[in-house]
Amino acid sequence: MSTNESQTERTRLMVDIRKLSFINEMAKVGTNGVADNMGKLTGEDAKMEVTKTNFVDIEDITGQLDDGKRVGVRVRLLEPPHGHLLVLFPEESAKKVTALMLRDMVDDMSSVSGEMARSAVEELGNQMANGFINGWADVLGRGIDVATPQLVYAPAGEIVERTAGLGGEDLALFFDSELSVPSYQIQAEIYAFPDLAEFVEMINGIETSPA
């Protein structure tokens, strides 16, 4: 087993098994916030569901992702657990995001400029990122300040690898999610790259209720 593989395995084992449910709870609280924001924005019943949550090796992610480009945002956390959060939309979903966000402003979507489309995707990406980070903050019982989000557009594997390299970690949290607004079904991929030592310490520090 290589040094990186050994480190990854140790990190997995370091998380108290009783606390793993808190990771799912963090995602659930975050997605509820996103759905609420979208409901207010559109005036319709919005729902967001995380269909998969998992620790994944960076090499495994980049090897499994397709070559298609993604559009989204990268947000840097300025407080523990530090690191970065990525919200990525496949290009087909990005088009739906643009149509959803601009539908009350533009009658003919073919007239939408590239700048307007990017701005629409960035706005929804920011909302989703903030929803997740606020969910983490609620579960962890602390505030988490963030830097100004950055718009990203590149092949999925390239974005993920570059973001992982910013923190030097070889492990990430992956959330596969779906955002549903009537007439729109938007797929989003959310990756969290926290400082692993800080993240594990914070998760294991959460008090569990006795059975």
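In case you missed it, the structure is sitting above this.
Values in this document were obtained by computation on a predicted structure and should not be read as measured data.

### Overview of the environment of Q64
- As for its placement among the helices and strands, Q64 is situated in helix α3 (residues 58-64).
- Residue classification places Q64 among the exposed residues on the basis of a relative accessible area of 69%.
- Each C-alpha atom of the pair Q64 and G157 lies 8.5 Å from the other, and the pair is 93 residues apart in sequence.

### Let's talk about the sheet that holds strand β1 (residues 47-57)
- One open sheet accounts for six strands, arranged β1-β5-β6-β3-β2-β4; its pairing is antiparallel. With partners counted over all chains shown, the strands left at the sheet margins are β1 and β4 (150-155), one partner each. The mean angle between the axes of side-by-side strands here comes to 25 degrees, regardless of whether they run parallel or antiparallel.
- Relative to strand β5 (residues 171-181), β1 is paired through 10 bridges, and the arrangement is antiparallel. When the bridges of β5 are listed, T53 appears paired with F175.

### So, helix α7 (residues 196-204)
- Those residues of α7 that fall on the buried side of the exposure criterion are L196, F199, V200, M202 and I203. Angular distribution of buried residues about the axis of α7 spans 165 degrees; they occupy a single face of the element. Turned more than 90 degrees away from the buried face of α7, the exposed residues are A197 and E201.
- You can read the cap of α7 off the contacts: a side-chain oxygen lies 3.2 Å from the backbone nitrogen of A197, and it is on D195.

### Remarks on the environment of F175
- Inspection of the secondary structure puts F175 in strand β5.
- Between the alpha carbons of F175 and N24 there is a distance of 9.4 Å; along the sequence they are 151 residues apart.

### Quick word on the nonpolar core
- By size, the foremost hydrophobic cluster in this structure holds 52 residues, and its most contacted members are M38, F89, L124, M128, W136 and F175.
- With 11 residues, the single largest contributor to this core is helix α5 (residues 114-140).
- Those residues in contact with F175, other than ones at most four positions away along the chain, are I23, A27, V50, K52, T53, F132, W136, A188, E189, I190 and A192.
- One finds V56, L88, A156 and A164 within the second-largest nonpolar core, a separate group that totals 16 residues.

### Examining the packing of helix α4 (residues 91-102) against α5
- Where α4 meets α5, the closest approach of the two axes is 8 Å, and the angle between their N-to-C directions is 90 degrees. When the axes of α4 and α5 are compared, the pair comes out roughly perpendicular. Residue-level contacts link A94, V97, T98, M101 and L102 of α4 to M116, A117, A120, V121, E123, L124 and Q127 of α5.
- For the contact of α4 with α5, the residue count by class is nine nonpolar, two polar and one charged.

Reading the values: the criteria
Residues numbered from 1 in each chain as written. Predicted model: local features only at pLDDT ≥ 70, side-chain atom pairs only at ≥ 80, totals over all residues. Heavy atoms only, no water. Helix = DSSP H or I, 4+ residues; strand = E, 2+ residues; numbered from the N terminus. Buried < 20%, exposed > 50% of the residue type's maximum accessible area, 1.4 Å probe, protein only. Pairing = 2+ DSSP bridges. Axes fitted to C-alpha atoms, helices over the stretch in contact; angles between N-to-C directions. Arc of directions from axis to C-beta. Polar contact = N/O pair within 3.5 Å; in protein donor to acceptor, adjacent residues only side chain to side chain. Core = buried A, V, L, I, M, F, W, Y, C linked by side-chain atoms within 4.5 Å. Contact = heavy atoms within 4.5 Å. Parallel < 35°, antiparallel > 145°, perpendicular 65-115°, else oblique. Nonpolar A, V, L, I, M, F, W, Y, C, P; charged D, E, K, R; others polar.

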